[in-house]
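# Descriptive structure summary
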Amino acid sequence: MTGTFITFEGIEGCGKSTQAKMLKEYLEKLSQPTLLTREPGGPEISEKIRRILLSVDNDEMLPETEMLLYMASRSQHTGQWIIPALQKGMWVISDRYYDSTLAYQGAARKIDRQIIDLITRYATYGLVPDITFLVDLPAEIGLSRIAAKDADRMEKESLSFHRNVRDGFLAIAASEQARYVILDGKKSIDEIHLDVIKAVEEWRNNQ
Ligand code: TMP
């Protein structure tokens, strides 16, 4: 694999999607072909699964079904989009990847870690990000940025659920320090962007 794979993670309202977009723009100014994509989502099949996952009509969905649908979306996304782009030498930026399953379905929904790890390896063909940015923010600040009327099925979860998600992300970051960069989500958009660029340039210089 010749390309570089970067993921952004964090709770709702942390600002990671803005940062992912700004990084794509930065790389494109350097003439680096870049694919910006998201999970759940990307190819059409995965976007269809996203609609099932986030629809407030599906509030009867069981945690097991939810986890498997995120994984199904991911296998299509990784196999159809991410791996072929990396093989062409592109940089791929994904707004969420499997660490979201560890944080949401693992730490918050309490699904067994070993089961998630096993299915993750299968669904991702073993593809691990080169760099993962965690935009860290207290759950109450993140949730306050989301308009209540537009909240999707996951965003409607309780504050304590989202606190568990945040703690889950921090625990993963602590156990995988080699690929993780923790960003302070309370900083301004431009300050966070500078931190992202610094980490990306450091990573490039070490290659
Ligand atoms: P988004 O709001 O960042 O687009 O993400 C969609 C929602 O799906 C968000 O609430 C996080 C959640 N999610 C999971 O619960 N597990 C996963 O594996 C992924 C990728 C997202």
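For the structure, see preceding data.
This text gives an overview of the structure that appears in the document. Keep in mind the model is a prediction, meaning the values are calculated, not measured.

### Structural notes on the sheet that holds strand β4 (residues 131–136)
With respect to topology, five strands assemble into an open sheet ordered β2-β3-β1-β4-β5, the strand pairing being parallel. Of all strands in the sheet, those bounded by a partner on one side alone are β2 (34–38) and β5 (180–184). Each adjacent strand pair in this sheet contributes to an overall mean axis angle of 20°, direction not counted. Pairing of strand β1 (residues 4–9) with β4, which is carried by four bridges, proceeds in the parallel orientation.

### Observations concerning the site of the ligand
Among the 14 residues in the neighbourhood of the ligand, the closest are listed as E12, Y70, R96, T101 and Q105. Contacts to the ligand include E12, whose side-chain N or O atom sits 2.6 Å from an oxygen atom. Separating an oxygen atom of the ligand from a side-chain N or O atom of R50 is a distance of 2.8 Å. Summarising the interface, the protein chains cover 94% of the accessible area of the ligand, which totals 470 Å² for the free molecule. When residues of the shell around the ligand are traced back to their parent elements, those giving at least two are α2 (44–54), α3 (63–87) and α4 (98–108). Considering every element that reaches the shell around the ligand, the biggest residue donor is α4, with four residues. Considering only residue class, the shell around the ligand consists of five nonpolar, three polar and six charged.

What counts and how
One numbering rule holds for all chains: residues counted from 1, following each sequence as written. It should be noted that, the model being predicted, local features are given only for residues of pLDDT at least 70 and side-chain atom pairs only at 80 or more, the latter also being counted only at that level, while totals for whole chains, interfaces and linings use all residues. Only hydrogens and water are removed before side-chain values are computed, so all heavy atoms of the structure are retained for them. At least two DSSP bridges between two strands are required for those strands to pair. Each helix corresponds to a stretch of at least 4 residues labelled H or I by DSSP, and each strand to a stretch of at least 2 residues labelled E; elements are numbered beginning at the N terminus. Orientation is described by axes fitted as lines to C-alpha atoms, over the contacting stretch for helices, and by angles from 0 to 180 degrees between their N-to-C directions. We define proximity as follows: a residue is near a molecule or strand when any one of its heavy atoms falls within 4 Å of that partner. Here a polar contact means two N or O atoms within 3.5 Å. Within protein one must be a hydrogen donor candidate and the other an acceptor candidate, and residues neighboring in sequence count only if both atoms are side-chain atoms. Note on areas: Shrake-Rupley, 1.4 Å probe, and residue coverage restricted to the protein chains presented here. All amino acids are sorted into three groups, where Ala, Val, Leu, Ile, Met, Phe, Trp, Tyr, Cys and Pro are nonpolar, Asp, Glu, Lys and Arg are charged, and the leftover types, Gly among them, are polar.

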